[in-house]
Amino acid sequence: MTDDEMWSLGDLIEGVEAVLPPDAPALVHDDEVVSWSALARASRSLAAAFAARGAKPGDKVAFYMRNQPAYMLTLAACFKGAYVHVNVNYRYLDDELLYILDDSDAAVVVYAAEFDERIARVRERAGKVRAWVRVGPGEPPAFAESFAALAGERPDAALDVARSADDLLFIYTGGTTGMPKGVMWRHGDLWGALGYGANARANRGARPATPAEHVANVKAHGVGPRQYTACPLMHGTGLLTAIGNFVGGGVTLTTGGERFEAEAALDFVDRARAESMVIVGDAFARPIVDALDAHPGRWSLASLKVVMSSGVMWSRETKDALLAHQPNLTLADLFGSSEAVGFGSSVTSRKAGKGRTAKFRIGDDCRVFTEDLREVAPGSGERGFIARRGPIPLGYYKDPEKSAKTFPTIGGVRYSIPGDWCTVEADGTLTLLGRGSACINTAGEKVYPEEVEEVLKQHPDVADALVVGLPDPKWGQAVTAVVAARRGRAIDDAALRAHVRDRLAGYKTPKRVVAAEAALLRAPNGKPDYKAARALAERAAADGGAADGA
């Protein structure tokens, strides 16, 4: 039996539940605590309830809710019942929601009560769904059942399920173009990509040889770290880090609310004694720094040891500002995607020193290839795509064409190549340039939005910035910045363009700067909303005529 054939997340979570103190916390959400024994009973009951309503191993369960205990309880139920997790962005409206439910072939939908009206509008068109399960207070509508009732329906149910490492988990990812695609992860590959639990406190950085060894280590060391997932569980960064900690015996900490509020998050870190925190780059870290600056001494952060980020760029300036408030922190900037984990990492701490923005130590199983699939030589200055071999997804659900493009075989080895451009320095480190699909071609020159965005965000008036390319008769595409001002500041087009021109090549200077509200530039997980930024830029161009030259 090979390594990836041993690891079923359902078997692992049941093993961990059995060896941890039953009254110890597994989930903490605001002031609500769910013990490991309560989690075991509720998730087993949910898995059995789904089966009683016609769900079979391999059927898809759609999650349409914000962070809350029900997310992790349903995830554990999916692991145990061999059902397939399908994340649904809680910002999606009717047609977007229907697309995911139809494309994923969802058989069960677990949704939050706040979406009652939307679910009521779409349910008759979602013909593949056999059960609607509502999370929240009050009586569910006639077409739905209560999550709480199902979670307590049969807590002692015996689950006669043949689990395996081939059980699947889906992560729907939108990217920057086209409709969302369902990334198919086998349990064995996903646990392998997460290091086979080596990062769990119980394993002390060593990879356990078997699932039994992992469970024995958890038993010996007890409940693991208290990890605060500040970003949404519905996206890869929050979900995958939560799975790693959860299956490692750690405590999953979450908070409610419709958006990230830095002051409330810092209150929770102190109150819940969070040891680690998961964010998504500057979209989360900058408000944290602003709160710490505005209220010196309000938070001790004594328990917090590690802040992890993935998914977007995390600037050196913001990292330095965090360390100025809590010098004992370790800041782990992880380069990965829904299509692969472990492209690279950058660690900033008092001991490790300061890292540079978008510069990563390359992962052991990673290579960088050009568009014609030649390997990039370190120090050559040639641009290429980061690629990872080893435990990677099977592909995109029901999309063999995109799967073949993103997961090609090169020299007899299968890789994941999501489309992130980078260069390889002479010392082997990576400098990330951005996604190829967002690359701007202006007068024959390539401009990577993230590079310009990071320079814009260094200006004292700028809270956030996104850069897009708009059609232009002279330039082909005009570099256009959509910028949000810091509180009490204003956007000065000429000053910002001069700021960029002083630091980057002239062709990278925005031809136009468009002011916008910060909330319009980011999805709830902190990732850039280029679609919204482009729409704002297009409206501004239509109102103001052609872009000026640089």
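What counts, and at which threshold
- Residues numbered from 1 in each chain as written.
- Predicted model: local features only at pLDDT ≥ 70, side-chain atom pairs only at ≥ 80, totals over all residues.
- Heavy atoms only, no water.
- Buried < 20%, exposed > 50% of the residue type's maximum accessible area, 1.4 Å probe, protein only.
- Helix = DSSP H or I, 4+ residues; strand = E, 2+ residues; numbered from the N terminus.
- Pairing = 2+ DSSP bridges.
- pLDDT = per-residue confidence, 0-100.
- Contact = heavy atoms within 4.5 Å.
- Salt bridge = Lys/Arg side-chain N within 4 Å of Asp/Glu carboxyl O.

A. Representation of the pairing of strand β9 (residues 181–186). Burial analysis of β9 places 6 of its 6 residues in the buried class, the great majority of the element. In β9, alternate side chains face the same way, and those of Lys181, Val183 and Trp185 on one face and Gly182, Met184 and Arg186 on the other are all buried. Looking at chain direction, strand β8 (residues 168–173) and β9 are connected through 6 bridges and run antiparallel. Across the sheet, Tyr172 pairs through a bridge with Gly182, a residue of β9. Where β9 lies against strand β19 (residues 395–396), 2 bridges are found, and the strand directions are antiparallel. Following the sheet pairing, Val183 is matched in β19 by Tyr396.

B. Seen up close, the confidence of the model for the protein. Averaged over the protein, the pLDDT score is 91; the fraction of residues at 70 or greater is 96%. Below a pLDDT of 50 lies the segment residues 545–550, which in the model reaches 16 contacts outside its immediate sequence neighbourhood of four places, other chains included.

C. Region of the structure containing the pattern of salt bridges. Under the counting rule described, the total for this entry stands at 34 salt bridges. A salt bridge links Lys128 to Asp102; the nearest nitrogen and oxygen atoms lie 3.2 Å apart. Taken as a pair, Lys128 in the loop between α5 (116–122) and β6 (131–135) and Asp102 in helix α4 (residues 94–104) lie far apart in primary sequence, 26 residues in all. Its relative accessible area of 36% is what places Lys128 among the partly exposed residues. A salt bridge links Asp105 to Lys128; the shortest N-O distance between them is 2.6 Å.

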